[in-house]
Amino acid sequence: MAAIGTDIAHARELLCKDEVVGMPTETVYGLAGNALSERAISKIFDVKNRPKFDPLIAHFSCLEEVEPWVTDFPEKLKVLAQKYWPGPLTLLLPKHPKIPDLLTSGHPRVAVRVPAHPVAQCLLNELDFPLAAPSANPFGYVSPVLAAHVSAQLGHKISYILDGGRSTVGVESTIVGIESGQMTVYRLGGVTLEEIEDAIGETVLQTKSTSHPAAPGLLDAHYSPGRKVLVGNISENLRHENPDHVGVVSFKESHAVPPLNLFVLSPAGDLTEAAQNIFAALRKMDQPHIHKVLAEWLPEVGLGRAINDRLRRASF
Ligand code: TXA
Ligand code: MG
């Protein structure tokens, strides 16, 4: 079983031996390994049970560390990097040949990000290689926002998890790239669509998710708490259910189900708080007596878009 602790030197030692470790970031916890080592990358795919067609994000300590590993850094993306790094933003940039094809699943672009979490920063500063790190959950399951979540799902497969407390953003990074000259958002996340459009002064294209393997990063079925999730009018849908056996994930209001079955994302109606709670809420619904989960759409603005995206994918 994995030990949970705050020993950066121990994590470094493991990573230098191509082992993988749990790492806190401000978005969600990652499963980290040397992004330049095929052995370490393979271990990440194995531990997560992740198909090799779904590429990994490389994490760096700062923008300057990213530059040698990409062959072009378009000005508009650099503007975003300067504004939002370190932070919940991932950029797709043409990869340097020295980046293993295994990391990018053979794609010509590499996903790069500079995390803001102080523990991740500290660890990256101790290393002379970037860290590949997908969210530290089994493929298709809910992302972890606590070291204990990583331990519950992957603790039997890894030896160490760095503890950095609760992830403060709560949803993954926003993934942005340029395709045919058009600024494109591939995954909504911690930096909002509005913030990106503001920063670059133009509207951005949003790609739709898909279950087709050729479109990585956008798999439809994801974030599953292991039972059916129905997103709609909770009060209406609750009428047809036995309240003892349904879970409810609501935005602001309470509903008539046992407290063990209920998660109100933000009683104050705050989208930042709702984002911090969404994965803990979906995780809470993974209880044997809960047969179905009722949830509702949040306002489709700011972080509400990212939360709705996770709910939609959890409902597949
Ligand atoms: O916030 C985050 O981004 C977290 C933390 C740990 O940094 N990481 C994360 O990684 O969410 P992961 O692997 O769970 O999701 C990354 C997504 C994947 O769906 C993958 O398909 C997409 O990014 N992606 C990675 N590299 C890509 C590439 N070269 N081209 C297109 N999509 C890519
Ligand atoms: Mg993930």
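Please refer to the structure placed before this passage.
This report concerns the structure included in the present document. (Residues numbered from 1 in each chain as written. Chains lettered and ligands numbered in written order. Predicted model: local features only at pLDDT ≥ 70, side-chain atom pairs only at ≥ 80, totals over all residues. Heavy atoms only, no water.)

This next bit is on the pattern of salt bridges. Side chains that differ in charge, positive against negative, can pair when their charged atoms come close. Counted by the stated rule, this structure contains 16 salt bridges. With a shortest N-O distance of 3.3 Å, E19 and K43 are connected by a salt bridge. In this pair, E19 sits in the loop between helix 1 (8–16) and strand 2 (21–23) while K43 sits in helix 2 (residues 38–48), placing the two residues 24 residues apart along the sequence. Residue E19 is classed as partly exposed on the basis of its relative accessible area of 31%. K292 is the salt-bridge partner of E241, the closest N and O atoms lying 2.8 Å from each other. Taken together, the residues E241 in the loop between helix 9 (234–238) and strand 13 (246–250) and K292 in strand 15 (residues 292–295) connect sequence positions 51 residues apart. (Salt bridge = Lys/Arg side-chain N within 4 Å of Asp/Glu carboxyl O. Helix = DSSP H or I, 4+ residues; strand = E, 2+ residues; numbered from the N terminus. Buried < 20%, exposed > 50% of the residue type's maximum accessible area, 1.4 Å probe, protein only.)

Once that is clear, we can look at the sheet that holds strand 15. Pairing within the open sheet is parallel, and its four strands lie in the order 12-15-13-14. Two strands bound the open sheet, and with one partner strand each, they are strand 12 (228–231) and strand 14 (262–264). Across the sheet, the mean angle separating the axes of adjacent strands is 15° when strand polarity is ignored. Examined bridge by bridge, strand 13 and strand 14 share three bridges and lie parallel to one another. Residue pairing for strand 14: S250 is matched across the bridge by V264. Docked against the sheet, helix 10 (residues 271–284) engages strand 13 and strand 14, running at close to 170° with respect to strand 14. (Pairing = 2+ DSSP bridges. Axes fitted to C-alpha atoms, helices over the stretch in contact; angles between N-to-C directions. Contact = heavy atoms within 4.5 Å.)

In a regular helix each residue adds 1.5 Å, so 14 residues correspond to 20 Å; helix 10 covers 19 Å between its end C-alpha atoms and thus fits that length. Considering bend angle alone, the principal kink of helix 10 is centred on N277 and spans about 40°. With ten of 14 residues buried, helix 10 lies mostly within the body of the structure. Those residues of helix 10 that fall on the buried side of the exposure criterion are L271, A274, A275, N277, I278, F279, A280, A281, L282 and R283. Buried residues along helix 10 sit against helix 7 (147–154), strand 13, strand 14 and helix 11 (303–314). (Expected span 1.5 Å × (residues − 1). Bend = angle between axes of the 7 residues up to and from the residue.)

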